[in-house]
Amino acid sequence: MMIQDNINPAVLATSLLAWYDRMGRDLPWRVKGEPHPKPYYVWLSEVMLQQTTVATVGSYFTAFIQKWPTIQDFAAASLDEILHAWQGLGYYARARNMHKCARLIVSEHKGEFPATAALLARLPGIGPYTAAAIASIAFEEKITPVDGNVMRVLSRLYALQDPVPASMKRVSSLAQKLTPDQRTGDFAQALMDLGATLCTPRAPKCLLCPWQTSCQGFKQGMAEELPRKSLKTIKPDRYAIAFVISRGDGSVLLARREEKGLLGGMIEAPTTPWREKPWRLDEALAFCPLECEWKENTREVRHVFTHFNFKVIVCYGSVFEPVSLRLPRSFWVKPEDFSKMALPTVMKKILSTLTV
Ligand code: SF4
């Protein structure tokens with residue numbers, strides 16, 4: 001597809017920034033114009049936003065900066081404290097990486113974030129998008145981060161017909177051509193806002209858009225069809241059996257997961273390994289950490305992860321005598337203390353079946 005000549009980067013930047021000054025969202029971590037927001041705030045908000053909506057992130061961001069006002073405070077917190085405060089945001093690897101990243105910035109960068117995307121991308125948990133966002137918003141580097149929103153806006157602006165993700169490279173290069181010399185951070189945030197509020201996946205509000213007169217997707221009447229998508233891959237299912245075991249005083253057996261891997265370091269009810277075919281109860285019992293009496297009823301819990309659908313059968317067991325635990329890093333917790341544990345959402349769902 002030919003790129004249209006009447007797309008003038010300077011004109012587009014001016015109209016988008018004027019729109020942003022009037023209509024850009026006021027967000028707790030955002031500063032429009034000068035001074036630039038603290039890199040710590042940009043980092044915190046951008047990592048939180050990676051897989052979570054703006055509406056959810058708002059209150060978490062405010063709670064985090066109240067509790068840990070600086071990167072030094074954040075680095076000094078224990079991983080457990082961070083994971084506990086992170087509960088509800090999901091994808092806990094982000095929190096673990098942030099903790100590592102904060103400690104590295106304090107120990108090796110004198111508590112200062114590096115000021116370029118290239119250096120930021122070397123830190124734990126900071127990928128190319130987040131690095132570009134911090135560099136542009138906090139340090140005015142001339143770089144525009146490209147996420148799904150920006151992909152959509154630019155695919156429509158240029159009426160790109162290549163499907164995503166194959167068109168990613170081209171969109172990145174177009175984004176850099178559009179980036180103005182001044183107010184690069186505001187330009188990046190304006191583009192994010194345009195994608196989030198007007199150039200939405202369905203029913204884009206083109207009549208309100210500052211780019212309407214240049215937008216090829218709008219002119220060709222195909223805005224809503226863009227960006228084109230490759231054939232979707234179907235998410236696989238994974239299965240496990242969870243053992244929710246209580247003892248006489250009502251406490252429930254929980255354990256800390258291995259530090260590495262999905263939900264690493266979080267607290268869980270013991271389960272079988274997670275695999276691609278369903279478990280039979282008799283084969284699953286080999287993975288149960290205790291001999292116990294089983295109730296007849298079971299429950300099914302479902303949870304959607306990014307790369308798979310998780311289906312768990314929950315079994316309920318009881319022990320009455322003191323027992324030795326075969327499971328490393330396991331312990332007994334009273335249900336009223338569950339809220340103090342770093343439990344991922346899937347485990348909260350599993351444990352909530354106890355009271356239903
Ligand atoms: Fe998106 Fe419509 Fe604006 Fe084009 S005119 S950028 S399709 S909102």
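The preceding data block contains the structure.
Keep in mind that what you see is a predicted model, and the values were worked out from it rather than measured.

Conventions and cut-offs
Within any chain, residue numbers begin from 1 and follow the written order of that chain's sequence. With pLDDT at 70 or above as the cut-off, local features in this predicted model cover only qualifying residues; side-chain atom pairs require 80 or more to be listed or tallied, and sums for whole chains, interfaces and linings still use all residues. The basis for the side-chain values is all heavy atoms of the structure; hydrogens and waters are excluded. For helices, the axis comes from a line fit to the C-alpha atoms of the stretch in contact; other axes are also lines fit to C-alpha atoms, and the angle between any two N-to-C directions lies between 0 and 180 degrees. Where helices and strands are cited, they refer to DSSP runs of H or I of at least four residues and of E of at least two residues respectively, numbered from the N terminus. Left-handed is the label given to a crossing in which the near helix is rotated counterclockwise from the far helix by less than a right angle, and right-handed is the label when the rotation is clockwise. Contacts are residue-level and defined by heavy atoms, with any inter-residue pair within 4.5 Å sufficient. Side-chain classes follow a simple rule in which Ala, Val, Leu, Ile, Met, Phe, Trp, Tyr, Cys and Pro form the nonpolar group, Asp, Glu, Lys and Arg form the charged group, and the remainder, Gly included, forms the polar group. One heavy atom within 4 Å of a molecule or strand is enough for the residue carrying it to be called near that molecule or strand. When accessible area is computed with a 1.4 Å probe and restricted to protein chains, residues below 20% of their type maximum are described as buried, those above 50% as exposed, and intermediate ones as partly exposed. By the convention used here, strands pair only if DSSP detects at least 2 bridges between them.

S.K.: Would you take a moment to explain the packing of helix α2 (residues 39–49) against helix α8 (residues 128–139) for this structure?
M.R.: The axes of two packed helices give the description: the angle between them and the distance between them. Running from N to C, α2 and α8 cross one another at 145°; their axes reach a closest spacing of 9 Å. Like other packed secondary-structure pairs, α2 and α8 cross with a definite hand, here right-handed. Contact residues: Pro39, Val42, Trp43, Glu46 and Val47 in α2; Tyr129, Thr130, Ala133, Ile134, Ile137, Ala138 and Phe139 in α8. The class makeup of the residues in the contact of α2 with α8 is ten nonpolar, one polar and one charged.

S.K.: How should the site of the ligand be read in this particular structure?
M.R.: Residues in close proximity to the ligand include Arg156, Cys199, Cys206, Cys209, Gln212, Cys215, Phe218 and Ala223, which together make up its full environment. Here the shell around the ligand is built from residues that sort into six nonpolar, one polar and one charged.

S.K.: Even after reading the chapter, I still don't get the pairing of strand β2 (residues 252–256), so can you show me in this structure?
M.R.: Sheet faces and side chains relate simply in a regular strand, where the side chains alternate between the two faces. For β2, a buried count of four out of five residues is recorded, marking the element as mostly surrounded by other parts of the structure. Here β2 pairs with strand β6 (residues 330–333) via four bridges, running antiparallel. The partner of Ala255 across the bridge, within β6, is Ser330.

S.K.: Is there a simple way to explain unusual backbone geometry in this structure?
M.R.: Peptide bonds are, in most cases, trans, and in most cases residues other than glycine have a negative phi. Geometrically, the link from Leu226 to Pro227 is a cis peptide bond, its omega value of -5° lying close to zero. By secondary structure assignment, the location of Pro227 is in the loop between α12 (216–219) and β1 (237–247). Backbone geometry at Tyr91 places phi at a positive 45°, although glycine is not the residue there. Structurally, Tyr91 is set in the loop between α5 (79–86) and α6 (93–108). The partly exposed category is assigned to Tyr91, whose relative accessible area is 31%. The backbone of Leu263 shows a phi angle near 55°, a positive value even though the residue is not glycine. You can see Leu263 is positioned in the loop between β2 and β3 (267–268). Since its relative accessible area comes to 6%, Leu263 is described here as buried.

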